[in-house]
Amino acid sequence: MTHDAEPRPAVARRSQSLKGAARVPGDKSISHRSFMFGGLASGETRITGLLEGEDVMRTGAAMKAMGARIEKKGDEWIIQGVGNGCLLEPQAPLDFGNAGTGSRLTMGLVGTYDMETTFIGDASLSGRPMGRVLEPLRQMGVQVIDAAPGDRMPLTLRGPKHAAPITYRVPMASAQVKSAVLLAGLNTPGVTTVIEPVMTRDHTEKMLKGFGANLNVETGEQGVRHIFIEGQGKLSGQTIAVPGDPSSAGFPLVAALIVPGSDITIENVLMNPTRTGLLLTLQEMGGDIEVLNPRNAGGEDVADLRVRASDLKGVKVPASRAPSMIDEYPVLAVAAAFAEGETLMQGLEELRVKESDRLAAVARGLEANGIDCTEGEATLAVRGRPGGKGLGGGTVKTHLDHRIAMSFLVLGLATEKPVTIDDANMIVTSFPEFMGLMETLGADIGQPV
Ligand code: S3P
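This is a predicted model, so every value here is computed, not measured. (Residues numbered from 1 in each chain as written. Predicted model: local features only at pLDDT ≥ 70, side-chain atom pairs only at ≥ 80, totals over all residues. Heavy atoms only, no water.)

Attention now moves to empty space enclosed by the protein. Using the criterion set out here, one finds one cavity of 30 Å³ or more in the structure. Forming the walls of the largest cavity are 13 residues, and the residues nearest its centre are Pro246, Leu253, Arg275, Leu278 and Leu279. Those elements that provide at least two residues to the lining of the largest cavity are helix 8 (246–258), strand 15 (263–270) and helix 9 (277–284). Among the elements that line the lining of the largest cavity, the one with the most residues is helix 8, at four residues. (1 Å grid on protein atoms, 1.4 Å probe; cavity = no way out; pocket = protein on both sides within 12 Å on 5 of 7 lines; lining within 4 Å. Points joined across faces, edges and corners; volume = space filled by probe spheres on them. Helix = DSSP H or I, 4+ residues; strand = E, 2+ residues; numbered from the N terminus.)

As assigned here, the protein comprises domain 1 (10–26 + 243–446) and domain 2 (28–241). Taken together, the 25 residues of domain 1 in the interface contact 27 residues of domain 2. Interface area, domain 1 with domain 2, both sides summed: about 2100 Å², of which 50% is carbon and sulfur. On the domain 1 side of the contact with domain 2, Pro323, Glu355 and Thr429 bury the most area, a combined 22% of that side's loss. The interface formed by domain 1 and domain 2 holds four salt bridges in total. Notably, a salt bridge pairs Arg132 with Glu350, separated by 2.8 Å at the nearest N-O pair. The interface formed by domain 1 and domain 2 contains 12 residue pairs in polar contact (both at pLDDT 80 or more). (Domains from an automatic or database assignment. Contact = heavy atoms within 4.5 Å. Buried area = accessible area lost by both parts, 1.4 Å probe. Salt bridge = Lys/Arg side-chain N within 4 Å of Asp/Glu carboxyl O. Polar contact = N/O pair within 3.5 Å; in protein donor to acceptor, adjacent residues only side chain to side chain.)

With that out of the way, let us pick up the sheet that holds strand 5 (residues 76–81). Reading across from one edge, 4-5-3-14 is the order of the four strands in this open sheet, with mixed pairing throughout. The open sheet terminates on both sides in strands that have one partner only, identified here as strand 4 (69–73) and strand 14 (239–241). Ignoring strand direction, the axes of neighbouring strands in this sheet form an average angle of 20°. Where strand 3 (residues 43–48) lies against strand 5, five bridges are found, and the strand directions are antiparallel. Looking across to strand 5, one finds that Thr45 is bridged to Ile79. (Pairing = 2+ DSSP bridges. Axes fitted to C-alpha atoms, helices over the stretch in contact; angles between N-to-C directions.)

Okay, structure coming up:
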């Protein structure tokens, strides 16, 4: 999608019960990393189940621009990687579109190279803070030659002749910052150490080990993790089967809980414990979610989820759960809109710096549809109305944010009046099949008349 595509509104209407089985696309975090690590490792990497969303394709294009060969044959993506330390200087700016993960991880990956790399993106990405990644990179000797005010994109990096390994304590709960430093460590002599006080998704650690990196994790008493990576080692191509994205699964899952009479199964969902906070919270709210066929696939836990419409009740979601459900708060707020009593979500400060200020965007969207909520600095309280009577009828501003768009379309499936969103274009960044999949289950989503 181009940066200035015409907005495409969409509307969701109260639907008949949702039925059937569906498979959500591959996990976005693992898909980005599959392209990156496959493009970097020596030899061939083969990937199935890759998310072919806009964000991930930008990462693929960036890796190609730095020397990797990437092609699709049948259902498989096949990559010939360059070898660790052997990325080439891109001849043009790397355009990451809407993708925070792609851009921040790639800054780490190439920052320590003795070459110039320019990063650009859409209006949403250009407004997001990059200092959180640039700060440790600067400590390693990387120069930020050019950046928009406040360390924002467009920005250009130039690495040193020899990068310096650092020990870096990640100041916020962010898998992107952790990963950027670890990836910078790959091209740095010696051992780079990341200290992570609060555990976030661990795909970088698991996958880098799988590619052959010398990476070790020690977990201390309070759960503080020390991650050590030895630079300049060999990485070798791998075969990867990407499991379904639990963040994408959240949309049909909540839809089935709130649309009366629904009974659906979502197959092959990643169940890595750093990603299952939404599931746990919805179960605490009384959601009827059965975890079927738990199994291990390619080093990750996966399962099928059978979800039936349920009477939900409000709960307090502790701040400590935020890292394991950080992308799921918008859709949790939608579930809370139909729950009996109040749902209080805490520890939401990171929501302010996502594809949009998600805390404000969710609160305004709920208010526009008659839902009683209170937005705090880092909290959101939602007082639900079981049955959704009188709710809906509003138009939601999505601010170029795919998860705001999908969450509010889910809202409209169970409110009395339809819910309109101002732009559905961004959904292709993470879940291109969203509309079709929801319609197959019986959801009434379409163009406004
Ligand atoms: C991601 C980390 C999270 C998450 C994002 C994907 C990743 O961001 O919100 O969608 O793949 O590492 P933060 O690291 O900013 O929390």
